Amino acid sequence: MARLKEHIASRTQKHTTTDLWGSAPYAVIVVDGAGTLVDLNPAAASLLEGAVRGSALSEAVPPWLANAHRETTESTGRSAGDDGAASPRPAFRGRIGARSFAAHPAPDRGGDVTWWLIDDTEQRLVEEELATERERTAFLAEASNVLLASLNTDRCMQVTAQLASRHLAEAAVVIVPAAGRQLPMACAVGGGTAVRTTVTADAARVPGLSEALQGFPPVPSRWIDPASLPDWLIPEGFAGPVGSAAVTPLPGHGVPAGVLVLLRSTGSTEFNENEEVFARLFAARAGAALSAARLYAEQSDITRTLMRDLLPPRLDRVNGVDFAGGYQPAAARDRVGGDFYDVHPGSTPGDASLAVLGDVCGKGLDAAVLTGKIRNTLQALTPMAGDHERMLRLLNGALLNSHHTRFATLVLASVRREESRVRLRLTSAGHPAPLVIRNDGRVEEIDTRGTLVGALPHVEARTVETDLRPGETCLLYTDGVTEARGGPLGDELFGERRLMRALAECGGMPGAAVVERVQMLASQWLHDGRHDDMALVAITAPLTTHLSAVDGHTRGRYTR
Amino acid sequence: MSTHTCAEPQVLGLQDRLWTAVTDRDEHAAAAVVLAALDDGIGAESALMDVIAPVQARVGLEWAANRLSVAQEHAASAIAERVIAALAHHPSVRTAPRLGRVTVACVDQEWHVLPARLLAEVLTLRGWQVDFLGAQVPTPHLIGHLHNNGADVVALSSSIPTRLPAAHAAITACQAVGVPVLAGGAAFGPDGRHALRLGADAWEPDARSAARRIADGIPVPVPAAGKQQTDDLPHLGDQEYTLVVRSRPQLVREVLAQLESRFPAAAAYTDQQREHTAQDIAHIVDHLGVALYMDDDELFTGFLVWTAGILDARRVPAASLKPVLDVLGTELKDFPRSSSLVDRAGLVLDALLATTGSRSRSLG
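Criteria and cut-off values
- Residues numbered from 1 in each chain as written.
- Chains lettered and ligands numbered in written order.
- Predicted model: local features only at pLDDT ≥ 70, side-chain atom pairs only at ≥ 80, totals over all residues.
- Helix = DSSP H or I, 4+ residues; strand = E, 2+ residues; numbered from the N terminus.
- Rg over C-alpha atoms; globule rule 2.2 N^0.38 Å.
- Contact = placed C-beta atoms within 7 Å.
- Core = buried A, V, L, I, M, F, W, Y, C linked by C-beta atoms within 7 Å.
- Buried ≥ 20, exposed ≤ 12 C-beta atoms within 10 Å, placed from the backbone.
- Nonpolar A, V, L, I, M, F, W, Y, C, P; charged D, E, K, R; others polar.
- Pairing = 2+ DSSP bridges.
- Axes fitted to C-alpha atoms, helices over the stretch in contact; angles between N-to-C directions.
- Parallel < 35°, antiparallel > 145°, perpendicular 65-115°, else oblique.
- Left-handed = near helix turned anticlockwise from the far one by under 90°.
- Domains from an automatic or database assignment.
- pLDDT = per-residue confidence, 0-100.
- Expected span 1.5 Å × (residues − 1).
- Arc of directions from axis to C-beta.

Trainee: Can you help me understand the overall build of chain A in this one?
Mentor: If you tally the helices and strands in chain A, you get 14 helices and 24 strands. Taken over C-alpha atoms, the radius of gyration comes to 42 Å for chain A, far larger than the 24 Å a tight globule of 560 residues would show. Put simply, 61% of the contacts in chain A that link residues at least 6 apart link residues at least 24 apart.

Trainee: Explain the nonpolar core here, please?
Mentor: Nonpolar side chains in soluble globular proteins generally cluster together in the buried interior. Counting residues in each nonpolar core, the largest one holds 230 residues, and the members touching the most others are Ala 172, Val 261 and Ala 355 of chain A together with Leu 18, Val 34 and Ile 52 of chain B. Counting residues per element, this core draws most heavily on helix 13 (residues 271-294) of chain B, which supplies eleven residues. Each residue touching Leu 18 of chain B, except ones within four places of it in the same chain, is listed here: Ala 30, Val 33, Val 34, Val 51, Ile 52 and Val 55 of chain B. Residues Val 30, Val 38, Ala 44 and Ala 68 of chain A belong to the second largest nonpolar core, which totals 22 residues.

Trainee: Honestly, the interface of chain B and chain A in this entry has me stumped. Any pointers?
Mentor: A common measure of how large an interface is: the accessible area buried when the components associate. Listed per partner, the contact involves 36 residues of chain B and 36 residues of chain A. Elements represented by at least two residues in the side of chain B that touches chain A include exactly helix 2 (27-39), helix 4 (70-89), helix 6 (139-149), helix 11 (248-262) and helix 13 of chain B. Sort the elements by how many residues they give to the side of chain B that touches chain A and helix 4 of chain B lands first, with ten residues. Tallied by class, residues from the side of chain B that touches chain A come to 21 nonpolar, ten polar and five charged.

Trainee: Even after reading the chapter, I still don't get the sheet that holds strand 14 (residues 339-344) of chain A, so can you show me in this structure?
Mentor: Each strand in a sheet pairs with another by means of backbone hydrogen bonds, the pair being arranged parallel or else antiparallel. All names here are of chain A. Pairing is antiparallel across the open sheet formed by five strands, whose spatial order is 14-15-16-17-20. Edge positions in the sheet fall to strand 14 and strand 20 (463-468), since each of these pairs with one other strand and no more. Taken over all neighbouring pairs, the strand axes of this sheet differ in orientation by 15° on average, direction set aside. Relative to strand 16 (residues 408-418), strand 15 (residues 353-360) is paired through eight bridges, and the arrangement is antiparallel. Bridge pairing links Asp 359 to Thr 409 in strand 16. Helix-sheet contacts for helix 11 (residues 388-400) involve strand 16, strand 17 (421-429) and strand 20, and the interaxial angle to strand 17 is about 35°.

Trainee: How should I be thinking about the packing of helix 11 of chain B against helix 15 (residues 321-331) of chain B in this particular structure?
Mentor: A pair of packed helices can be characterised by two numbers: the angle between their axes and the separation between those axes. Residues and elements named next belong to chain B. Two elements in contact, helix 11 and helix 15, have axes whose closest approach is 10 Å; the angle formed by their N-to-C orientations is 125°. Judged by the angle between their axes, helix 11 and helix 15 are oblique. Crossing angle aside, the handedness with which helix 11 passes helix 15 is right-handed. Where helix 11 approaches helix 15, its residues Leu 251, Glu 254, Val 255, Gln 258, Leu 259 and Arg 262 are matched on the opposing element by Pro 323, Val 324, Val 327, Leu 328 and Glu 331. The residue makeup of the contact of helix 11 with helix 15, split by class, is seven nonpolar, one polar and three charged.

Trainee: I tried to follow the domain arrangement of chain A on my own but got confused; where do I start?
Mentor: Parsing chain A into structural domains produces domain 1 (2-119), domain 2 (136-304) and domain 3 (317-540). Distance from the C-alpha centre of domain 2 of chain A to the C-alpha centre of domain 3 of chain A: 53 Å.

Trainee: Can you help me understand unusual backbone geometry in this one?
Mentor: Trans is the prevailing form of peptide bonds, just as negative phi is the prevailing case for residues other than glycine. Phi is positive for Asn 319 of chain A, close to 45°, though the residue is something other than glycine. Relative to the helices and strands, Asn 319 of chain A is located in the loop between strand 12 (317-318) and strand 13 (321-328). The exposure class of Asn 319 of chain A is buried, given the 22 C-beta atoms found within 10 Å. Phi angles above zero are rare outside glycine, and Gln 109 of chain B is one such case at about 70°. The residue Gln 109 of chain B is located in the loop between strand 1 (101-106) and helix 5 (114-125) in this model. Exposure remark for Gln 109 of chain B: the 20 C-beta atoms within 10 Å place this residue in the buried category.

Trainee: I'm lost on the sheet that holds strand 4 (residues 99-107) of chain A in this one. Help?
Mentor: Residue and element names in this part refer to chain A. Taking strand neighbours across the sheet as the criterion, the five strands line up as 2-1-5-4-3 in an open arrangement whose pairing is antiparallel. Of all the strands in the sheet, just strand 2 (37-40) and strand 3 (92-96) have a single pairing partner and so form its edges. When strand polarity is set aside, the average angle formed by the axes of neighbouring strands in this sheet is 30°. The pairing of strand 1 (residues 27-31) with strand 5 (residues 113-119) spans five bridges and is antiparallel.

Trainee: Explain the confidence of the model for chain B to me, please; I cannot follow it from the model alone.
Mentor: Close inspection of predicted coordinates is inappropriate in any region flagged by low pLDDT. Residue and element names in this part refer to chain B. In the predicted model, chain B carries a mean pLDDT of 87, and 95% of its residues have values of at least 70. Counted against residues more than four places away or in other chains, residues 1-6, with its pLDDT under 50, gives ten contacts. Scored below 50 in pLDDT, residues 358-364 makes zero contacts in the model with residues more than four places away or belonging to other chains.

Trainee: Hey, could you run me through helix 10 (residues 364-381) of chain A in this one?
Mentor: Counting along an α-helix, one turn takes 3.6 residues, and residues three or four places apart therefore face a common direction. All names here are of chain A. Here helix 10 contains 18 residues, and its C-alpha end-to-end distance of 26 Å stays within 8% of the 26 Å for a straight helix at 1.5 Å per residue. Taken as a whole, helix 10 has its buried residues at Ala 367, Ala 368, Leu 370, Thr 371, Ile 374 and Leu 378. Buried residues in helix 10, looked at end-on, bunch into an arc of 160°, giving them a common side. Summarising the geometry of helix 10, the exposed residues directed more than 90 degrees from the buried face are Gln 379 and Ala 380. On its buried face, helix 10 sits against strand 14, strand 15, helix 11 and strand 16.

Trainee: Before we go on, may I ask you to explain the packing of helix 6 (residues 121-149) of chain A against helix 9 (residues 273-307) of chain A in this structure?
Mentor: Residue and element names in this part refer to chain A. The N-to-C vectors of helix 6 and helix 9 enclose an angle of 15°; their axes lie 9 Å apart at closest approach. What the angle tells us is that helix 6 and helix 9 run roughly parallel. Pair helix 6 / helix 9 crosses with right-handed handedness. Contacts between helix 6 and helix 9 pair Thr 132, Arg 136, Leu 140, Ala 143, Ser 144, Leu 147 and Leu 148 from the former with Asn 274, Phe 278, Leu 281, Phe 282, Arg 285, Ala 286 and Ala 289 from the latter. A breakdown of the residues in the contact of helix 6 with helix 9 according to their chemical character gives nine nonpolar, three polar and two charged.

Trainee: Looking at this structure, how should I read the confidence of the model for chain A?
Mentor: Residues and elements named next belong to chain A. Counting all residues, the mean pLDDT for chain A is 85, and 90% of those residues have values of 70 or more. Across chain A, the element-wise mean pLDDT spans from 52 in helix 1 (residues 2-14) up to 97 in strand 21 (residues 473-477). Considering only residues more than four positions removed or in separate chains, one finds that residues 545-560, a stretch of pLDDT under 50, has 33 contacts.

Structure (structure tokens):
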């Protein structure tokens, strides 16, 4: 004991520098290589209550600081000979009592270490707050990013469940409103991929669920008794019993967006203040995304229904004659435009079918609506297809009496198979003349002429008849094809001559291949340039008279 | 090309019979070959991949070698298409979807539909619900479809390298709505390097391996905030691609004019010959453009070598490509990436002409 006191006394005398930091605003302690507290200033004495000179460091300070000292003396020992003062050592951090400190070591050559203990509690609190805030911002940015990316309801549900199960609870279930007892839902556990399912269940059996699904009256998020949870609400893979469950409505804008059910295995039935804000911000984003997706889905359903009859029909073999069609609307985003075609099958194989192809002036939806009207009118007039000119007169009258100010050009083709040949009656009403690809490679322009419909009180037209031998094709097309502007030099029209030259290479091709070839050449000619609507119909006399083995499902099998 | 694993005599015999039917433009005989094989128990996937696909590959090769006409090539494709449709209706083939949902589409302006069609059928056979959107799908339609119907993955097909910029637009758009993209088709290179360059989530060389990859699962891309298309291809910052593509008509016109002033023969061309020449030049400019877009010389030099082969098959001297490069080099001298690319292509062409030249001499 006496020896120790002596030792310390001598050390204390040696350290006259105490005066230099004795009044420093920070706690300072000096510890020797053996871990004994050699000296401390008044600030340190009041911080480390009960610590006196001579006490063992491990008893005077928390373990983290004692460990830091051991680490520092060991590394100083190793690097003995180096100039220890060259570079400042990194600080250690830890708590002393209720506050947080940074401990800066300053070893000297004698093996003692002077520790400066700097209170960084405030800084640490700010740092923690910043980290939380950053994490929240990053999560909300990710959530917005992922949720806004898709207008698909299923995907929005899955993403919402997945994110919620990663950040708000251990498992999450998203349920969206639906007609009847079928509940579409998505479940996720622990941030894993969400599973999309549909259950048949009564939402009213879960407290608060059916109100939240209706979206009105507004209901707050509520914690419910886990015992009242039906099995279908507990996702597969959720470990252990449910400790607590919350039903959170997702705010949709004017439409009910859905409900988020959060499941935890612990019994904590409260969000803390931070989580509460967080949950609300998340619910707002998820609700906005889900309601946007629902609106989009409803709108596209409506559009699809309204457009169904405006889309060009799929053409196939009718009464022993091959028909093929091709359609490219002017704008890539549109599916319909001002061009149209139809094939109305004859009621028996002996009756002629009527093929129609036309072009309403104008593009896009407005034009498409008028094509719908013309197509309906023509369908009603098919019994008169024996007299094309009369049909055109009636159509002209109907168009003049409507509020539409647009006019149309079209070509009518009555098509009847007779033995192996196909008989055609063709009438153009202000439309480019049909072209016939003969088996000998000639391309023939059919000389039918007539006035366009919907503009003048009287219309006239000349019908021309021709026959197709097996393998020959008659092509009806709209001027979008020939007026395609482009080519290697950028500003030339595709033109009728080029079309005829292209068709001359198509002798004996199936109609579908002719249509595709012309479409391909025209679109390559355009080379991404703008174009008008383009429509094509090929009428082909089949090469063989066999049963159609290939499309046995089409009506009008032809046997000889 | 036809790296089919199942080259048994039975399959080879079927290939020959289908080839004969297809080149005779006999749709019924073609359907009969395949349907009879199904009845004999060949298996629908094998019929698609070991019989129809190799025959279709052969059609492409024969056309390039000038042994099939344009009409025959189109007819063969149309027939193959209908045979596949007939196969899909065969009672032994129907499969109820039990796996996820896949959208199969061709890139905008891509007309070669068969590779995509084969994949769609193989996936259907393996139990996927497949939405087949067909040839040349504009990107807005593809994205609209994904919003409406969702998909676990989009399989995107492109066979022509000049469509790579369009493929890039489609890939980034699909990923932006959270759907991963598997790319396939000749356009992406024999090793798929263009697909990876464009950021596709996966690439596979054929329908079978693509189906396996889709079954293994392709992770959903996480849309990074503020990501832009040019992040994958930073060299686009020099705008040379845009400038070359935009000035395509002027470049073609200039090359044509220079050719006519240098070669009396070219000045005597008929309108139709002149147009063919203009179209060939336009193709060369297109491939120069896509090589600039991808920053990959091979796309340009490879095309020139291929064109030389085609010209050779059609008895046109490949040396006629040389002056085109000379004029392009002069016209594009202010664009560093373009002009050095044209220079390097000139060297490749010289080397090619030297070897073919020596061969023909030794033959002669």
